[in-house]
Amino acid sequence: MTSTENDCLFCKIADEQLPADVVYKDDLVVAFRDVNPQAPTHILVIPREHISYAADLSDSHSALLSRMFKTANKIASDENISEEGYRMVINNGKGAGQTVFHLHLHLLGGRPMNWPPG
Ligand code: 5GP
Ligand code: ZN
């Protein structure tokens, strides 16, 4: 069963209580375009289950994690950014830039990426 949290923006998007430009969904994950894109392709892949931080992940989430990365890879292919390369980012905690406390994988591509990130 999917666990949701009241007042969680991304739980509401996953439950279709709030609108989003959804590009993929299945039983475990939902993917939608970031409202404030930082690259030509900027998509967020989220679990339906409410997990606040990447730091909360455990062995019990292995299927979910593999689905999140598989989804990002498939979307990258659909968006034609696979060949040039793309970045997958998870911000864990405020100091790392996390602003929404429901786990999400950023898929970024369509422009050259700098390293180290800011
Ligand atoms: P974080 O900073 O937590 O790693 O990433 C949160 C991301 O969610 C940001 O890139 C931000 O633009 C995006 N975001 C915040 N609110 C919404 C929203 O209501 N809809 C969508 N599609 N993206 C959002
Ligand atoms: Zn949530």
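Presented here is a report on the structure given in the accompanying data block. (Residues numbered from 1 in each chain as written. Chains lettered and ligands numbered in written order. Predicted model: local features only at pLDDT ≥ 70, side-chain atom pairs only at ≥ 80, totals over all residues. Heavy atoms only, no water.)

As for the layout of surface pockets
A volume near 770 Å³ is recorded for the largest pocket. Residue lining of the largest pocket: 30 residues in total, with Asp 34, Gln 38, His 42, Asn 91 and His 106 positioned closest to the centre. No other element matches the three residues that helix α1 (residues 9-14) contributes to the lining of the largest pocket. Split by residue class, the lining of the largest pocket holds 15 nonpolar, eleven polar and four charged. (1 Å grid on protein atoms, 1.4 Å probe; cavity = no way out; pocket = protein on both sides within 12 Å on 5 of 7 lines; lining within 4 Å. Points joined across faces, edges and corners; volume = space filled by probe spheres on them. Helix = DSSP H or I, 4+ residues; strand = E, 2+ residues; numbered from the N terminus. Nonpolar A, V, L, I, M, F, W, Y, C, P; charged D, E, K, R; others polar.)

Quick look at the nonpolar core
Membership of the largest hydrophobic core comes to 14 residues, with the highest contact counts inside it found for Val 45, Met 68 and Leu 107. Of all elements in the fold, only β2 (29-33), β3 (41-47), α2 (62-78) and β5 (105-109) reach the threshold of two or more residues within this core. For this core, the element with the highest residue contribution is α2, accounting for five residues. With residues near it in sequence (within four places) discarded, Leu 107 still touches Thr 41, His 42, Ile 43, Ala 72, Ile 75, Ala 76, Ile 81, Tyr 86, Arg 87 and Met 88. Formed by ten residues, the second largest nonpolar core is a distinct cluster that contains Cys 8, Phe 10, Ile 13 and Val 30. (Core = buried A, V, L, I, M, F, W, Y, C linked by side-chain atoms within 4.5 Å. Buried < 20%, exposed > 50% of the residue type's maximum accessible area, 1.4 Å probe, protein only. Contact = heavy atoms within 4.5 Å.)

Description of the packing of aromatic side chains
Under the counting rule described, the total for this entry stands at two aromatic pairs. Between Phe 10 and Phe 32, the ring centres sit 5.3 Å apart and the planes meet at 80°, which makes this aromatic pair edge-to-face. Pair noted here: Phe 10 is in helix α1 and Phe 32 is in strand β2, with a separation of 22 residues, a long-range link. There is no split in this pair, since Phe 10 and Phe 32 are both buried. (Phe/Tyr/Trp six-rings, centres within 6.5 Å; stacked < 30°, edge-to-face > 60°.)

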